[in-house]
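Breakdown of the fold
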Amino acid sequence: MLSSPTGKEIDGVLVCTPHRTHAHIAHAALAAGAHVLMEKPMTTNVSEAYNLLSAVDSAAPLAFMVNNTANWRPQARIASDALAKGKLGSVEHIMCCMHSPLIWLFDDPVNEGWTRPTAGMLGNGFGWGQLSHLLAWVFGVTPLKPIEVFASMSHSAASGADMTDAAIIKCANADGTPVSISLSGSASVPGNAHAHDNAHSVGKRVEVRIFGTNGMLAYGGDDQNPKSGCLELRTRSGEVSILHPEFAFENYEAEGTGPESLQSFISACVGEPYYNAADAWVGLQTVRVLEAMYKSASSGRVERVA
């Protein structure tokens, strides 16, 4: 379609297909001169992710966004600005966790796109399906470069998908100083995050704490209850600042005009200014860490990030 006469009238392409097809479709869209909003994860293969980053750079000024909707929330932008302005000093450690009521999704082999590895994937499950959101938030807010990973996973006896994930991720700041990330993820919260009515829907629990030489930035809560948390900055000098009074993470509301990521994509397509909170660089770092996690969980060893 992109190569047809009709394709010349297409401003942008939304990629909402199985993981293994992401890179091929994105390359075709960029080559046709279209902006791209890619469903997460960007790819499930590091080599594909590097190639896609190169293609995005060559296709500038076309927009390429990964649909990690939490990155477009105002809290993420405020957190990123706080770090960029040095309010935490140099980042030393990050604790982050995401625990979701998604047993029904990852424990059922019928959901092959979420549970079955394809096209060279080293595994499939909660890591690719959910921790891609959390890691993209971390790499969107901080400029960290991942170096190596040690991970452990438990798997569903029914589907084979990873249901719980734990990892220690060694990273570096831009100046080379070391940073550690402690990561925890689980699909095993009882309930359903996507129930048809709000009365029976159960939220995902997310927590991020970023520790620096000057203080701590804390952000966490229930993603279906904005009042359950806030974005808080605590300095070593004793100051406490509420940078945002509410908590919001993924935006999967069915009503309204769509998530902030979609609105930015539309702005890019019509030639208006837009904010890209999850670009190809963020997508690449996320893929690099997740692939290393699956390698480490399989080998039982520390694995270098490719």
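Residues numbered from 1 in each chain as written. Predicted model: local features only at pLDDT ≥ 70, side-chain atom pairs only at ≥ 80, totals over all residues. Heavy atoms only, no water.

**Considerations on the overall build of the chain**
- Across its full length, the chain holds eight helices and twelve strands.
- Since a compact globule built from 306 residues should have a radius of gyration of about 19 Å, the 19 Å found for the chain is in line with a globular shape.
- For the chain, the share of sequence-separated contacts (at least 6 apart) that also reach a separation of at least 24 residues comes to 66%.
- Total accessible area on the chain stands at roughly 13,500 Å², and carbon and sulfur atoms take up 53% of it.
- Taken as two groups, the 20 positive and 29 negative side-chain charges of the chain have centres that lie 7 Å from each other. (Helix = DSSP H or I, 4+ residues; strand = E, 2+ residues; numbered from the N terminus. Rg over C-alpha atoms; globule rule 2.2 N^0.38 Å. Contact = heavy atoms within 4.5 Å. Areas by Shrake-Rupley, 256 points an atom, 1.4 Å probe, with all protein chains shown as cover. Lys, Arg positive; Asp, Glu negative; His and termini not counted. Charge placed at Lys NZ, Arg CZ, Asp CG, Glu CD.)

**Let's talk about the environment of glutamate 112**
- Here glutamate 112 lies in helix 5 (residues 112–115).
- Of the residues examined, glutamate 112 reaches a relative accessible area of 43% and is grouped as partly exposed.
- Distance in space between the C-alpha atoms of glutamate 112 and glutamine 285 is 25 Å, their sequence separation being 173 residues. (Buried < 20%, exposed > 50% of the residue type's maximum accessible area, 1.4 Å probe, protein only.)

**Remarks on the packing of helix 2 (residues 46–58) against helix 8 (residues 280–299)**
- Between helix 2 and helix 8, the shortest axis-to-axis distance is 9 Å and the interhelical angle comes to 170°. Taken together, the axes of helix 2 and helix 8 are roughly antiparallel relative to one another. Counting all contacts with helix 2, which are made through Val46, Ala49, Tyr50, Leu53 and Val56, the residues of helix 8 involved are Ala280, Trp281, Leu284, Val287, Arg288 and Glu291.
- The residue inventory of the contact of helix 2 with helix 8, partitioned by class, reads nine nonpolar, no polar and two charged. (Axes fitted to C-alpha atoms, helices over the stretch in contact; angles between N-to-C directions. Parallel < 35°, antiparallel > 145°, perpendicular 65-115°, else oblique. Nonpolar A, V, L, I, M, F, W, Y, C, P; charged D, E, K, R; others polar.)

**Examining the nonpolar core**
- Counting residues in each nonpolar core, the largest one holds 86 residues, and the members touching the most others are Phe64, Trp137, Ile210 and Met293.
- Per-element accounting of this core gives the leading share, ten residues, to helix 6 (residues 126–141).
- Ignoring any residue separated from it by four or fewer positions in sequence, one finds phenylalanine 64 in contact with Ala26, Val36, Met38, Met42, Leu52, Val56, Asn276, Ala278, Asp279 and Ala280. (Core = buried A, V, L, I, M, F, W, Y, C linked by side-chain atoms within 4.5 Å.)

**Description of the pattern of salt bridges**
- Evaluated as defined, the whole model comprises eleven salt bridges.
- Close ionic contact of arginine 73 with glutamate 260 constitutes a salt bridge, the shortest N to O distance being 3.5 Å. Here arginine 73, found in the loop between strand 3 (64–66) and helix 3 (74–84), pairs with glutamate 260, found in helix 7 (residues 260–269); they are 187 residues apart in sequence, far enough to count as distant.
- Residue arginine 73 is classed as buried on the basis of its relative accessible area of 14%.
- Relative accessible area serves as the criterion here: at 25%, glutamate 260 is assigned to the partly exposed category.
- A salt bridge links glutamate 112 to arginine 116; the nearest nitrogen and oxygen atoms lie 3.6 Å apart.
- What makes arginine 116 partly exposed here is its relative accessible area of 48%. (Salt bridge = Lys/Arg side-chain N within 4 Å of Asp/Glu carboxyl O.)

**Quick look at helix 6**
- With 16 residues, helix 6 ought to run about 22 Å at 1.5 Å a step, and its terminal C-alpha atoms sit 22 Å apart, in line with that.
- For helix 6, the principal kink sits at serine 132 and spans about 45°.
- Within helix 6, 15 of the 16 residues are buried, which leaves the element mostly enclosed by the surrounding structure. (Expected span 1.5 Å × (residues − 1). Bend = angle between axes of the 7 residues up to and from the residue.)

**Quick notes on helix 3**
- Looking only at helix 3, the buried set comprises Gln75, Ala76, Ala79, Ser80, Ala82 and Leu83. Within helix 3, the buried residues cover an arc of 160° as seen down the axis, which keeps them to one side.
- Where helix 3 is buried, its residues meet strand 4 (91–99), helix 6, strand 8 (205–212), strand 9 (215–222), strand 10 (231–235) and strand 11 (240–244).
- Where helix 3 ends, the next residue or the one after it, glycine 86, has phi of about 80°, a positive value. (Arc of directions from axis to C-beta.)

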